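# Residue-level structural notes
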Amino acid sequence: MLHQVHGHSSGSGAQGGESLREDLREFLSGEAPLHQLDDLTKVNPVTPETVLRCLQARYAADTFYTNAGCTLVALNPFKAVPQLYSPALMREYHAAPQPRKLKPHIFTVGEQTYRNVKSLTEPVNQSIIVSGESGAGKTWTSRCLMKFYAVVAASPTSWESHRIAERIEQRILNSNPVMEAFGNACTLRNNNSSRFGKFIQLQLNRAQQMTGAAVQTYLLEKTRVACQASSERNFHIFYQICKGAGTDERLQWHLPEGAAFSWLPNPDRTLEEDCFEVTREAMLHLGIDTPTQNNIFQVLAGLLHLGNIRFADSEDEAQPCQLMGDAKCSIRTSASLLQLPEDPLLETLQIRTIRAGRQQVFRKPCSRAECDIRRDCVAKLVYARLFDWLVSVINSSICADPDSWTTFIGLLDVYGFESFPNNSLEQLCINYANEKLQQHFVAHYLRAQQEEYAVEGLEWSFVNYQDNQPCLDLLEGSPISICSLINEECRLNRPSSAAQLQTRIESALAGSPCLGHNKLSREPSFIVVHYAGPVQYHTAGLVEKNKDPVPPELTRLLQQSQDPLLKVLFPADPEEKAQEEPSGQSRAPVLTVVSKFKASLEQLLQVLHSTTPHYIRCIKPNSQGQAHTFLQEEVLSQLEACGLVETIHISAAGFPVRIPHWNFVERYELLRRLRARTSPGPHSPLPAEGRSEWSPCTEAATLQPLLQDILHTLPALTQAATAPGDPAEASAAPVHCGRTKVFMTDSTLELLEHGRAQVLEQCARRIQGSWRRHWYRKQGRRRRAAVLIQAAIRSWLVRKHVRRLHAAATVIGRAWRRWRIGMAFLALKELDGVEENHLSQVPLPTGSLLLPQTQTSLLAAVIRLWPLGLVLANAAVGVRGFQRKLVVWACLQLPTGSPSSYTVQTAQGQAGVTSIRALPQGSIKFHCRKSPLPYADICPEPLPYSVTGFNQILLERDSLGHR
């Protein structure tokens, strides 16, 4: 039966069911465009297909980061996106109040770890585990995170500390180019593949400022120096030397243009990592000076020439193998660059030494294969020690004093999961490390979370997830595992057979579900089913690589070098000579590569377990490294391998944040102030003022009311943080109170932290207001006291000044009165003749009884006014004619009569002042004792235009006219 729907017909029931599922999928996913979903937990429903479609839509929109619960998914764009990692964007994420509300980014993870360190939430130390396949972008992610911490974790106050912080940050950032040049190489899957694992520990002081860093490395693939797979390259540093060396350096290192080296495949391929100047500048910043750099590059050039040494098969086993072609020139050049004696170098490569007991030493010529192995061993030994020396130099340059840092943030960048056509011991160790890290994620997040939910009494439906414990039991289990069998083959004193090792592994571990066998393979091998997929490992050469034998004569040869760097790398230690000849009974067990790698991996996991882990899953959209290409099959296999879908399921329904009750109350008890202010209803009383800490022994009955009061503030916090017109955000914050812990999501934790910050801000404002009020009041009291003190001092100073003025006035008045009396006496004495004549010639008036009193007043007037009269009489300008005579006559109190009867002659053209005394007997002078005028006792010379003082009067005979 056919149904016509909108002009289209639908046929069978299967087609109808498929159409119904498509409509349902469109309905469920039609809530929002897929590229706008920044968290995969919001995908509805959560299936591998919907997660894949969401990632593909975001990748097409150039959005390369997506949250997946507790994990950040990072898609490799395979193109430069500079604006995505700019310092301005770093500061934006650092300054954001809630970084998780911004777009997903690796800076969100970096800022979250930094804020966790600042909040001192246990465990304080943080770690970021960057995982993914080779070429997924792990190295770039680690590099950007280091730049982020260098920007946000440096806020010094003084200029000196600013310079120190800048130098430390520059050295930490410069360690990346050096480590990548000497430890990364171009592989089939990645142009900049890390051929070693590293754990970078960024050290912070109490002020959360970066004070230093430390680098720990794991399992350098040193076999790459002498053996490279097809279409792959050696380490970057060799190509940088050959392409970036100058003319003089080429002559010094014997690297002519176009020279061919067997250990330098694909030299014509140019990568952006082949930048020699960047490496040299970074080494210079790390404290490696130019002569030491030249010494390093000279040793590396010597290793390249060492690889050109070729041996021919010897016809006689008793004779050593001879050199082929121009190999003699290569060994001469190599010996010159390594500063080794040429003949001992060739002899050590051709002949091995066998010791029987302590005295007997046998010399046996090596076969051609053994000569090649010994040559490769020299190169691997020198390069491995050089790499370790570089790591130690970097650590000594960037590592801080143990007393100067308290916390750290760890960045783990290890090699991704690898599967090549020919996989050996290196790939086995790399995939073993990835299995351990996957197990750490499963144990920490998936399994531990669900088990803890059950213990704490949360209503939880368990989610099935892929557990890789069976694979780990196959690799490292006890008593028998692949690693133990390989180590046992190394301890047996017998030649190892690849087929025999394969048989032992298959027979001893036949019951493991993760062990397989490829019946079509012609070479001995076994298959391990890893969490990321099955990998076939070839057993040929597996035991020899695990032994990693270094003949003692090779070490002794390198100790004879005159090169300064090789002397440091291979010191002549007398203790080594004593250990070279152990007896057969006391021979120590062989420390294999697998054993050392396993021990270092266990140490790393102990560090990770003591920190708060954060996960970044790097996904490679395609194997070709092409931009704008998203291959669904490859991405889906990576999603399934890392268990990302199960992680999304658990994250969507779970609570990633878990805080013990007592710790929760200790930190968020301040929020009860909000409850006391917003809801005046009944609530538990506030704790005592003096109690500032809660112990884990606090009874649950005491903590439960406090917990409820704190949790009741969440609706108010949610409403305050919700933007107007956004009902989606106004839902209740998910939180659950278990038996011993409080479970919540990251959004709830951000709400609590935001509310706590508000309360602390309010308290700070109150404290500041109270302090300012107290300060202003204190300042007012001080001001008023200062005013009173100043007024009293000014009053005292004024009174003192007035008293001094009164005393001075008294002294001056006394002196003036004494001087006036003296002057009056002198004037009276001088004018006594005139007055006597005047009185004798003028008849007395009727009131003669009043004459003495009148005479006294006239005398006082004369005493006061006679100097003024003299001045006016002798003035060159001023009063003229009759008025002048009147003034003189009135001033001198001459007898009454006509003023014209007297003739007053001024001394206009003469020096001095004319006296009024009649009939003087020559020139005389007088002086007033204690006169205030200077030079009162000096008679001036009659100079022209001179002015005569009042106390110096010259009397001349004919000056006064009379009658």
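All values reported here derive from a predicted model rather than from experimental measurement.

This part covers the sheet that holds strand S18 (residues 735-737). Reading across from one edge, S17-S19-S18 is the order of the three strands in this open sheet, with antiparallel pairing throughout. Whereas interior strands pair on both sides, the edge strands pair on one side only; in this sheet they are strand S17 (657-660) and S18. The mean angle between the axes of side-by-side strands here comes to 20 degrees, regardless of whether they run parallel or antiparallel. By the bridge criterion, four bridges tie S17 to strand S19 (residues 741-744) in an arrangement that is antiparallel. Directly across from Pro660, in S19, lies its bridge partner Lys741. Against the sheet, helix H25 (residues 661-668) touches S17, S18 and S19, its axis set at about 90 degrees to S17. Sitting on the sheet, helix H29 (residues 746-830) is in contact with S17, S18 and S19, with an inclination near 110 degrees to S19.

This brings us to the confidence of the model for the chain. Here the chain averages 78 in pLDDT, and 74% of its residues register 70 or above. The element-level mean pLDDT for the chain is lowest in strand S1 (residues 3-5), coming to 36, with helix H10 (residues 290-307) highest at 95. Under a pLDDT of 50 for its full length, residues 575-586 has, in the predicted model, six contacts with residues more than four places off or in other chains.

Most of strand S14 (residues 525-530) sits inside the fold, with five of its six residues counted as buried. Across two bridges, the pairing between strand S13 (residues 515-516) and S14 is antiparallel. Its bridge partner being in S14, Leu515 is matched across the sheet by Val528. Across six bridges, the pairing between S14 and strand S15 (residues 533-538) is antiparallel. Looking at S15, one finds that Phe526 is bridged to Tyr537. Linking two consecutive strands that pair antiparallel, namely S14 and S15, is a turn of two residues.

With that out of the way, let us pick up the nonpolar core. If you look at the biggest cluster of nonpolar residues, it comprises 127 residues, and the most contacted ones within it are Phe182, Ile296 and Leu300. Setting aside chain neighbours within four positions, we find Phe182 in contact with Phe235, Ile237, Met283, Ile296, Phe297, Leu300, Tyr383, Leu386, Phe387 and Leu390. Of all hydrophobic cores here, the second largest spans 46 residues; its members include Ile129, Tyr415, Ala433 and Leu485.

Another aspect to go through is the side chain of Asn395. For Asn395, the position within the fold is in helix H13 (residues 368-398). A polar contact is formed between the side chain of Asn395 and the backbone nitrogen of Val215, at a distance of 2.7 Å. Here Asn395 is in contact with Ala214 and Val215, once residues within four sequence places are set aside.

Moving on, we get to the packing of H10 against helix H11 (residues 327-338). At a closest axis distance of 8 Å, the pairing of H10 and H11 adopts a crossing angle of 160 degrees. Considered as vectors, H10 and H11 are oriented roughly antiparallel to each other. Crossing geometry of H10 relative to H11 is assigned as left-handed. Residues Gln298, Val299, Ala301, Gly302, His305 and Leu306 of H10 pack against Ser330, Thr333, Ser334, Ser336, Leu337 and Leu338 of H11. Classifying every residue of the contact of H10 with H11 gives five nonpolar, seven polar and no charged.

Okay, the UniProt feature "binding site: ATP" (unreviewed entry) in the chain next. The positions UniProt marks with the feature "binding site: ATP" (unreviewed entry) are Gly132, Glu133, Ser134, Gly135, Ala136, Gly137, Lys138 and Thr139. Among the secondary structure elements, Gly132 is positioned in strand S5 (residues 126-132). Contacts of Gly132, omitting those with residues within four sequence positions, involve Lys138, Gly416, Phe417 and Cys618. With respect to the element layout, Lys138 can be found in helix H5 (residues 138-152). Apart from the residues within four sequence positions on either side, Lys138 is in contact with Val130, Ser131, Gly132, Glu133, Asp413, Val414, Tyr415, Gly416 and Cys618. At a separation of 3.4 Å, a polar atom in the side chain of Lys138 contacts the main-chain carbonyl oxygen of Gly132.

What follows is about the packing of aromatic side chains. Taken as a whole and assessed by the stated rule, the structure comprises 19 aromatic pairs. Look at Tyr85 and Phe107: their rings are 6.4 Å apart centre to centre, the planes differ by 85 degrees, and that puts the pair in the edge-to-face class. Highlighted residues: Tyr85 in the loop between strand S4 (71-75) and helix H3 (87-95) and Phe107 in helix H4 (residues 106-119), separated in sequence by 22 residues. Comparing Tyr85 with Phe107 shows no difference in burial state: the two are buried. An aromatic cluster of at least three residues, connected via ring pairs, comprises Tyr85, Tyr93, Phe107, Trp140, Phe148 and Tyr149. Positioned above the aromatic ring of Phe441 is the side chain of Arg617, whose terminal nitrogen or guanidinium carbon lies 4.8 Å from the ring centre.

Another point: the packing of helix H16 (residues 482-491) against helix H17 (residues 498-508). Viewed as axis vectors pointing N to C, H16 and H17 meet at an angle of 145 degrees, and their least axial separation amounts to 10 Å. Every pair of crossing elements has a handedness; the one defined by H16 and H17 is right-handed. Of the residues in H17, those in contact with Ile482, Leu485, Glu488 and Glu489 of H16 are Leu501, Arg504, Ile505 and Ala508. Residue classes in the contact of H16 with H17 are distributed as five nonpolar, no polar and three charged.

Right, let's get into the sheet that holds strand S12 (residues 407-413). Across the sheet, seven strands lie side by side as S3-S4-S16-S5-S12-S8-S9; this open sheet has mixed pairing. Looking at the sheet topology across the chains shown, the edges are occupied by strand S3 (65-68) and strand S9 (210-218). For this sheet the average axis-to-axis angle between neighbouring strands, irrespective of direction, equals 20 degrees. Relative to strand S16 (residues 612-619), H4 is tilted by about 175 degrees, and along the sheet it contacts S3, S4, S5, strand S8 (197-204), S12 and S16.

It is worth spelling out a nonpolar patch on the surface at this point. Taken together, Ile789, Ile793, Trp796 and Leu797 make up a surface patch of nonpolar side chains, about 390 Å² in accessible area. If you trace the backbone, Ile793 turns up in helix H29. Owing to a relative accessible area of 43%, Ile793 belongs among the partly exposed residues under this scheme.

Our next topic: the side chain of Lys436. Residue position: Lys436 is located in helix H14 (residues 425-456). We classify Lys436 as buried; its relative accessible area is 11%. Discounting residues that sit within four places of it in the chain, Lys436 has contacts with Leu472, Glu476, Leu601, Glu602 and Leu605.

Note on pairing: side chains with opposite charge can pair once their charged atoms come close. Throughout the structure, instances matching the rule amount to 25 salt bridges. The shortest N-O distance in the salt bridge between Arg375 and Asp376 comes to 3.1 Å. Look at Arg375 and you get buried, because its relative accessible area is 5%. Residue Asp376 is classed as buried on the basis of its relative accessible area of 18%. A cluster of three or more residues bridged by salt bridges with shared partners is formed by Arg195, Glu221, Arg224, Glu232 and Glu418.

Cut-offs applied
Residues numbered from 1 in each chain as written. Predicted model: local features only at pLDDT ≥ 70, side-chain atom pairs only at ≥ 80, totals over all residues. Heavy atoms only, no water. Pairing = 2+ DSSP bridges. Helix = DSSP H or I, 4+ residues; strand = E, 2+ residues; numbered from the N terminus. Axes fitted to C-alpha atoms, helices over the stretch in contact; angles between N-to-C directions. Contact = heavy atoms within 4.5 Å. pLDDT = per-residue confidence, 0-100. Buried < 20%, exposed > 50% of the residue type's maximum accessible area, 1.4 Å probe, protein only. Core = buried A, V, L, I, M, F, W, Y, C linked by side-chain atoms within 4.5 Å. Polar contact = N/O pair within 3.5 Å; in protein donor to acceptor, adjacent residues only side chain to side chain. Parallel < 35°, antiparallel > 145°, perpendicular 65-115°, else oblique. Left-handed = near helix turned anticlockwise from the far one by under 90°. Nonpolar A, V, L, I, M, F, W, Y, C, P; charged D, E, K, R; others polar. UniProt positions renumbered as here; feature names shortened; annotations may be inferred. Phe/Tyr/Trp six-rings, centres within 6.5 Å; stacked < 30°, edge-to-face > 60°. Lys NZ or Arg CZ within 6 Å of the ring centre and 35° of its normal. Patch = residues over 30% accessible without salt bridge, like charges linked within 9 Å, V, L, I, M, F, W, Y side chains within 5 Å. Areas by Shrake-Rupley, 256 points an atom, 1.4 Å probe, with all protein chains shown as cover. Salt bridge = Lys/Arg side-chain N within 4 Å of Asp/Glu carboxyl O.

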